[in-house]
2 protein chains.
Amino acid sequence: MNKWYIGEGDHNDIVISTRIRLARNLKDYPFPARLDNKSKIKVNELVRDALEGREKLDYTELKTLTRAQIVSLAERHIISTEFASSSDGRALLMSEDEQISIMLCEEDHIRLQVMKSGLDLQGAYELADRIDNEINEKLEYAFDERLGYLTQFPTNLGTGMRASVVLHLPALAEKGQLNSLASTVSKLGLTLRGAYGDGTAPFGDLYQLSNQVSLGISEKAAIDNLKTIALQLAAQERSAREEMKDSKLTEDAVYRAYGILKSARILSTKEFMTLISRVRYGAVCGMLKVDLKTINELMVSLQPATINAFVGRTLTKDERDVERANIVRDRL
Amino acid sequence: MNKWYIGEGDHNDIVISTRIRLARNLKDYPFPARLDNKSKIKVNELVRDALEGREKLDYTELKTLTRAQIVSLAERHIISTEFASSSDGRALLMSEDEQISIMLCEEDHIRLQVMKSGLDLQGAYELADRIDNEINEKLEYAFDERLGYLTQFPTNLGTGMRASVVLHLPALAEKGQLNSLASTVSKLGLTLRGAYGDGTAPFGDLYQLSNQVSLGISEKAAIDNLKTIALQLAAQERSAREEMKDSKLTEDAVYRAYGILKSARILSTKEFMTLISRVRYGAVCGMLKVDLKTINELMVSLQPATINAFVGRTLTKDERDVERANIVRDRL
């Protein structure tokens, strides 16, 4: 079955994906930190049963998965790294296309996440809201008239919603404008940071823009705000791309990246992400005829543990870099 | 017409080319350093006329060539950089395939050079010897019973012969063995040094092995000595290649180089030579299906002035690097 990231979506020259995440807790149970494993499983099963027959989701207790499978889920941003750090009493509800995932007994009882290709905050929110209502029809949430949804950490109080988009910003990165943009958007209650890799040198020029405030602001206002800023960043990226469009240096970098990806026998994650970023830029500019779906899929699926999961065993780093190069040559 | 370097030749997995050069002076004229331009032209025409109807050679006074054409001849090792440094009273006799070239009034009246593909010292020497005899039938050489052929510089006294081969030694270079090999062969009266680029970092792993001694040794002995050492170096290079044959790193480097050459929009001389060296190695090992003739031709013809001469005008470095990349993509 095709995964969600195979879709195209609006503004997909720049916006890779949209994510809505809702944090919820059941009224009648303490937060997970205060629950023993048996009670956690009980909570997990209550949520599973609430959605039974309404959403087509697979229920998996984390302890039944291999380490590689769990890390692979985190690499693909289906679960959080926090969720991946322990299997005790944790379970996952997930749709086959990986668009919907519900982490059960992470920090909160319920962390419901919906992913969409391209920019689709409205679509993602509507789907999340539908599932949220379905659960709420069966189970009562911890809710306070003044504070809104109650959560383990106060940063999630209120709507309990985090909305984010992943943006591909190679031209703004090339121009060295990301730090100043990050500082600007933070004044608007948003955060812009690398979506993959460490903070100092994000992999593949992929940046996540997300809202930070969930208290004192409606879901609609938060989404509208995020959408406005995402579109502004996209416009700036497009104009930066336009400026460097005719540069031989840029053309050279794009074609070299493509040549190396189609030829190399060894590719580290970091190098792969750097090169595929240039290829994506070249494909969007019309220099290269490469399907964006293929690029998106490779970007998501060639992280270390995901390759291990694909191959079915734990490879050494050297073996993995060879396997990554094999997959890339095969797909490009 | 195909140039000499299009040929294949013996040991062409490693030996690119063979060169024999004979230095001669006419008995009845002072060395060029003591001649005025008019007398130099007289000498040049005497040599030209001596070969008239015997060898098919074009006669060109250097002053009729553009600077780019002259530098291009030097880049292709058809003339020396010393010869290219001034046009006054200098002329060139050259066969259309560039195999035979005679510099007239360089340091000596006659610098006769014959090039062959691969390892062919015997063939190159026989051809040089034939032309030498043809000249000598018409013109008397400056010759001393004890010292042999007299030359402007004492280092050429005796046979007046320099023999050299250009070897492609990527595996020995990779193993860092060139310095110690150069020191070893120098004890045997031979010199091993970079054939292109500066001394410290030869371009394209191409090394020239030449004899240094022309006094007190027969042509045959000098050639046999050079041939023996060239074959030993080739054997060492082959065994070094065998050692690194199965390395993924090597395979990766070869395919990347090929991918970049087929994709890049900008290529400097130095980068081009580094990459084509890897491609040649890969072609010889059977990893890549690329014709050695094409590789040899590119290696010889993509130096700066040769590209200018090809395009017909003096390009800036940036323009040239773009043109070089265009030619390489077109040929590979």
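Residues numbered from 1 in each chain as written. Chains lettered and ligands numbered in written order. Predicted model: local features only at pLDDT ≥ 70, side-chain atom pairs only at ≥ 80, totals over all residues. Heavy atoms only, no water.

Now for the pattern of salt bridges. Two side chains with opposite charge may pair up if their charged atoms get near one another. Residue and element names in this part refer to chain B. Overall, the coordinates contain 48 salt bridges over all chains when judged by the stated rule. The salt bridge involving R130 is made with E134; its shortest N-O contact spans 3.8 Å. Pair noted here: R130 and E134 are both in helix α4 (residues 121-138), with a separation of four residues, about one helical turn. (Salt bridge = Lys/Arg side-chain N within 4 Å of Asp/Glu carboxyl O. Helix = DSSP H or I, 4+ residues; strand = E, 2+ residues; numbered from the N terminus.)

Looking now at the packing of aromatic side chains. With the rule as written, the count across this model stands at four aromatic pairs over all chains. Relative to Y149 of chain B, the ring of F143 of chain B has its centre 4.9 Å away and its plane inclined at 70°; by these criteria the two rings are edge-to-face. Here F143 of chain B falls in the partly exposed class, since its relative accessible area comes to 45%. Classification of Y149 of chain B as buried rests on a relative accessible area of 16%. Grouping aromatic residues by their ring pairs yields a cluster made of Y141, F143 and Y149 of chain A. Positioned above the aromatic ring of Y59 of chain B is the side chain of R48 of chain B, whose terminal nitrogen or guanidinium carbon lies 4.8 Å from the ring centre. (Phe/Tyr/Trp six-rings, centres within 6.5 Å; stacked < 30°, edge-to-face > 60°. Buried < 20%, exposed > 50% of the residue type's maximum accessible area, 1.4 Å probe, protein only. Lys NZ or Arg CZ within 6 Å of the ring centre and 35° of its normal.)

The next subject is the sheet that holds strand β8 (residues 161-168) of chain A. All names here are of chain A. Strands sit in the order β2-β3-β4-β5-β1-β8-β10-β9 across an open sheet of eight strands; the sheet is antiparallel. Of all the strands in the sheet, just β2 (58-61) and β9 (190-194) have a single pairing partner and so form its edges. Shown here is a sheet whose adjacent strand axes are inclined to one another by a mean of 20°, direction ignored. (Pairing = 2+ DSSP bridges. Axes fitted to C-alpha atoms, helices over the stretch in contact; angles between N-to-C directions.)

The next subject is the relation of the copies chain A and chain B. Take chain A, turn it by 180°, move it 0.0 Å along the axis, and it overlays chain B with an RMSD of 0.0 Å. What the superposition gives is, in effect, a two-fold axis relating one chain to the other. Taking C-alpha positions as the reference, the residue of chain A nearest the rotation axis is G259 of chain A, at 2.2 Å. Same-surface contact between copies: 100% of interface residues of chain A are shared with the interface of chain B. (Least-squares fit on C-alpha atoms with pLDDT ≥ 70 in both. Contact = heavy atoms within 4.5 Å.)

Looking now at the nonpolar core. In terms of nonpolar packing, the biggest core is built from 177 residues, with I20, I102 and L209 of chain A together with I20, I102 and L209 of chain B touching the most fellow members. The residues contacting I102 of chain B, other than those within four sequence positions of it, are L51, L57, A91, L92, L93, I110, R111, L112 and I131 of chain B. (Core = buried A, V, L, I, M, F, W, Y, C linked by side-chain atoms within 4.5 Å.)

All names here are of chain B. Within the fold, T18 resides in strand β1 (residues 15-24). At 2.9 Å, the side chain of T18 and the backbone nitrogen of D120 are in polar contact. Aside from chain neighbours lying at most four places away, what touches T18 is V114, M115, K116, G118, L119, D120, L121, A124, S164 and V165. (Polar contact = N/O pair within 3.5 Å; in protein donor to acceptor, adjacent residues only side chain to side chain.)

Following the sequence through the fold, S301 of chain A ends up in helix α10 (residues 292-301). Of note is the side chain of S301 of chain A, whose polar atom sits 2.6 Å from the backbone oxygen of E297 of chain A.

Another point: the sheet that holds strand β8 (residues 161-168) of chain B. Residue and element names in this part refer to chain B. One open sheet accounts for eight strands, arranged β2-β3-β4-β5-β1-β8-β10-β9; its pairing is antiparallel. Because the sheet does not close on itself, it has two edges, and the strands there are β2 (58-61) and β9 (190-194). On average, each strand axis in the sheet is inclined to that of its neighbour by 20°, with strand direction left out of account. As paired elements, β1 and β8 share seven bridges and run antiparallel to each other. The residue of β8 that forms the bridge with V15 is L167. Lying over the sheet, helix α7 (residues 219-244) contacts β1, β8, β9 and β10 (206-211), oriented at roughly 10° with respect to β8.

Successive residues of a regular strand alternate their side chains across the two faces of the sheet. Residues and elements named next belong to chain B. Burial of strand β3 (residues 91-94) is two-sided: the residues A91 and L93 facing one way and the residues L92 and M94 facing the other way are all buried. Taken together, the four bridges between β2 and β3 define a ladder with antiparallel strand orientation. When the sheet's bridge partners are listed, Y59 is paired in β3 with L93. In the sheet, β3 pairs with strand β4 (residues 100-104) via four bridges, with the strands oriented antiparallel. Looking across to β4, one finds that A91 is bridged to L104. Connecting β3 to the antiparallel partner β4 that follows it, the hairpin turn spans five residues, and E98 within it adopts a positive phi of roughly 65°.

Residues and elements named next belong to chain A. When cut into domains, chain A gives domain 1 (4-241) and domain 2 (248-331). Distance between the C-alpha centres of domain 1 and domain 2: 26 Å. Contacts between the two partners involve 20 residues from domain 1, matched on the other side by 20 residues from domain 2. Note on domain 1 versus domain 2: buried area summed over both sides is about 2000 Å², and carbon and sulfur give 67% of it. Our count for the contact surface shared by domain 1 and domain 2 stands at zero salt bridges. Linking domain 1 with domain 2 are eight residue pairs in polar contact (both at pLDDT 80 or more), by the criterion used here. Here the element with the most residues in the side of domain 1 that touches domain 2 is helix α2 (residues 67-75); it accounts for four residues. Looking at the side of domain 1 that touches domain 2 residue by residue, the class counts come to ten nonpolar, four polar and six charged. (Domains from an automatic or database assignment. Buried area = accessible area lost by both parts, 1.4 Å probe. Nonpolar A, V, L, I, M, F, W, Y, C, P; charged D, E, K, R; others polar.)

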